[in-house]
Amino acid sequence: MAEQPTAPSCAPTSNPSTLSNPAPGASASGTPRAPQTAQVPQAARVPRVLSIAGTDPSGGAGIQADLKSIAASGGYGMCVTTSLVAQNTCGVREVFTPPLEFLTAQLAAVFDDVTVDAVKIGMLGDADTIRTVRTWLSEHPVPVVVLDPVMIASSGDRLLQAEAEQALRDLVPLVNVITPNIPELAVLCEKEPAQTFDEAHEQAANLAAATGTTVIVKGGHLCGQDAGNTAVFPDGTCAHVRTPRLDSRNTHGTGCSLSSSLATRLGVELLQHAEVAEHTAEQSVLTSEDTHRALQWSTRWLHESIAAGAGLQVGSGEGHGPVDHAARARRLEAAASAYPWHHLLATTDSEGNTLDGTSPERLLPVSPVPAGEAVVKPAGPWTAALWAAGGETWHQILDLPFVRALGDGTLDEDLFAFYLDQDALYLRDYSRALATLSARADTAEAQVHWAAGAHEAIAAESQLHEGWLANRARLGGPSPITMGYTNFLRASAAGDDYVVGAAAILPCYWLYEEVGAVLSSQNHADHPYAEWLSMYGGEEFAADVARSLAEVERAFEAASPAQRVRAAQAYLSACVYEREFFDQAHRALR
Ligand SMILES: Nc1ncnc2c1ncn2[C@@H]1O[C@H](COP(=O)(O)OP(=O)(O)OP(=O)(O)O)[C@@H](O)[C@H]1O
Ligand SMILES: Cc1ncc(CO)c(N)n1
């Protein structure tokens, strides 16, 4: 069987563009815009993307998948239908191809009215259709054309007549990017299907050099842990985007989705160039870095969509189910909700008892998910009630893509770097909140404990700067989540009752320790983040967590019922902030 790519020798390159200049009509046209203010990020313009492809009434592949992918990738989707295909997740039943004149009528209807920024070509079916599309696009040039040379569906059914293969080969030099799977690449090269990544890469390099077209080698059909994609440019350079292989049957339409998403992201890149070009003498030309960035975006988005596919429950399960194109949009929509957190609204528990802080049972709403056992045990009934109430948030943290990928070693370096950068900024202010708590503590023991914590936090911050962050690019400013969390901690420590400040600080000790225990249990010598994970799980930190728990327990005992309720709410708010903090890299970077 084939193997995964060995070394990602395909680093991003700074070579000249392999993509053609935009057609004059496709540059940023329309209403004149006011000059942009420097440094203020502008909302990306929406590329108008046309899919020329066949249909899948069950919605997972073809034009239906393309329109969903284009929307999910930030484009405005349009479609011209080449063939109507009666198919579902199990296979193709019948194909009806409308007359060629009707294909041309559809193309004319779009192009007569709309400026097309990017085209994705999918199923063409036969040689006459290929020639019609080819003639149309040579007479109506579009700046980005991605060809997915569809030949055979994931079910094994033919979607291109065998005698049309040469016509498809002839189309390749006229497009910017092609996205063949391994068997399709072999047909285009007139070779046997590649068995290894190196063989596929060699076929792609020869094809790219011969045609002047960028070839995406797709890892989906290979085996090995990396199912990633490599852009092979005509000048022989390449750029690889890793993606962990998923054990999933929801791969129907992955090729359609990747190619239409890629066309859209290339359109986004091109429009950004066009925006700059409007104010400078620069030309709007796509570079290989643009292609690498677009491929990274599309590959990561598709990974999330495949991972969520099974949850859709579309299809009998006998075939290959579709991907969930909207999984990311739903995740980000939920993350953006401005609705108040549930624990700040609840006034009674599920049995109707008032949450008045008179007993540990009357502190917080019951978590719908049991918390399970903590590694560092609660210090008494009050902290036991806090742990139990935080069960749902705790399990959400364990399920975060960031925490999962950090544990299994598949976390992308740029996501890790984002986290480190924010962590350094966080530690600075966290240290200030601890110093405030120390100043307000009413026992010498607590005063020393929080002061030591303040010292350790600032020491950890400078260690991050000297070590982990020394060679990494930094954003240099706090994200809204980092700022929200640190401001909340500082305000609770300085401006609220002592018990509230102490409870707010607790999750940063306790949850961090618990997450660390899960992560360090996954560590091994070859783990890419071995050094980072080995920092977790030290006995000294566990003892600090236990001391913090004991102090919070003591403060709860001494507090009034009303203070306890506010402290418990502050504890859960900090748990939610912990979750948001771990998740933020996956919201900031795509
Ligand atoms: N099991 C998998 N795990 C992770 N990613 C996958 C998996 N299968 C496919 N992919 C992603 O989807 C991309 C496209 O898939 P693939 O290579 O299977 O295309 P295809 O055969 O043209 O698809 P189809 O014909 O089903 O539409 C891959 O390059 C990879 O990024
Ligand atoms: C219409 C159409 N295009 C492409 C594919 C490949 O998955 C498919 N199954 N159907």
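Residues numbered from 1 in each chain as written. Chains lettered and ligands numbered in written order. Predicted model: local features only at pLDDT ≥ 70, side-chain atom pairs only at ≥ 80, totals over all residues. Heavy atoms only, no water.

Per an unreviewed UniProt entry, the chain goes by Hydroxymethylpyrimidine/phosphomethylpyrimidine kinase and derives from Rothia mucilaginosa. Regarding the chain, the UniProt comment filed under Pathway (unreviewed entry) reads as follows: "Cofactor biosynthesis; thiamine diphosphate biosynthesis; 4-amino-2-methyl-5-diphosphomethylpyrimidine from 5-amino-1-(5-phospho-D-ribosyl)imidazole: step 3/3." Per UniProt, the chain has the following entry under Function (unreviewed entry): "Catalyzes the phosphorylation of hydroxymethylpyrimidine phosphate (HMP-P) to HMP-PP, and of HMP to HMP-P." (UniProt positions renumbered as here; feature names shortened; annotations may be inferred.)

A. Geometry of the domain arrangement of the chain. Assigned domains within the chain: domain 1 (48–324) and domain 2 (381–588). Once you take the C-alpha centre of each, domain 1 and domain 2 turn out to be 44 Å apart. Of the residues lining the interface, 4 residues belong to domain 1; the matching set on domain 2 comes to 4 residues. Buried surface at the junction of domain 1 and domain 2, summed over both partners, amounts to about 360 Å²; 27% is from carbon and sulfur atoms. Taken together, domain 1 and domain 2 are joined by 3 salt bridges. When the shortest N-O distance is used, the salt bridge between Asp412 and Arg242 registers 3.1 Å. Taken together, the connections running from domain 1 to domain 2 amount to 3 residue pairs in polar contact (both at pLDDT 80 or more). Among the residues making up the side of domain 1 that touches domain 2, the classes are represented as 1 nonpolar, 1 polar and 2 charged. (Domains from an automatic or database assignment. Contact = heavy atoms within 4.5 Å. Buried area = accessible area lost by both parts, 1.4 Å probe. Salt bridge = Lys/Arg side-chain N within 4 Å of Asp/Glu carboxyl O. Polar contact = N/O pair within 3.5 Å; in protein donor to acceptor, adjacent residues only side chain to side chain. Nonpolar A, V, L, I, M, F, W, Y, C, P; charged D, E, K, R; others polar.)

B. View of helix 14 (residues 444–466). Here helix 14 spans 33 Å end to end across 23 residues, near enough to the 33 Å set by a 1.5 Å rise per residue. Looking at helix 14, one finds that the buried residues are Ala446, His449, Trp450, Gly453, Ala454, Ala457, Glu461 and Leu464. Looking at the packing, one finds that the buried side of helix 14 touches helix 13 (413–440), helix 16 (498–520), helix 17 (530–533) and helix 18 (539–558). (Helix = DSSP H or I, 4+ residues; strand = E, 2+ residues; numbered from the N terminus. Expected span 1.5 Å × (residues − 1). Buried < 20%, exposed > 50% of the residue type's maximum accessible area, 1.4 Å probe, protein only.)

C. Structural view of the sheet that holds strand 7 (residues 177–178). Spatial ordering of the open sheet is given by 2-1-5-6-7-8-9-10, a layout of 8 strands whose pairing is mixed. At either margin of the open sheet sits one strand with a lone partner, and together these are strand 2 (76–81) and strand 10 (238–241). Where strand 1 (residues 48–53) and strand 5 (residues 118–121) come together, 4 bridges link them in parallel fashion. Counted as the bridge partner of Ile52 is Ile121 from strand 5. Across the sheet, helix 6 (residues 197–211) touches strand 7, strand 8 (214–218), strand 9 (229–232) and strand 10, and the angle it forms with strand 8 is around 165°. (Pairing = 2+ DSSP bridges. Axes fitted to C-alpha atoms, helices over the stretch in contact; angles between N-to-C directions.)

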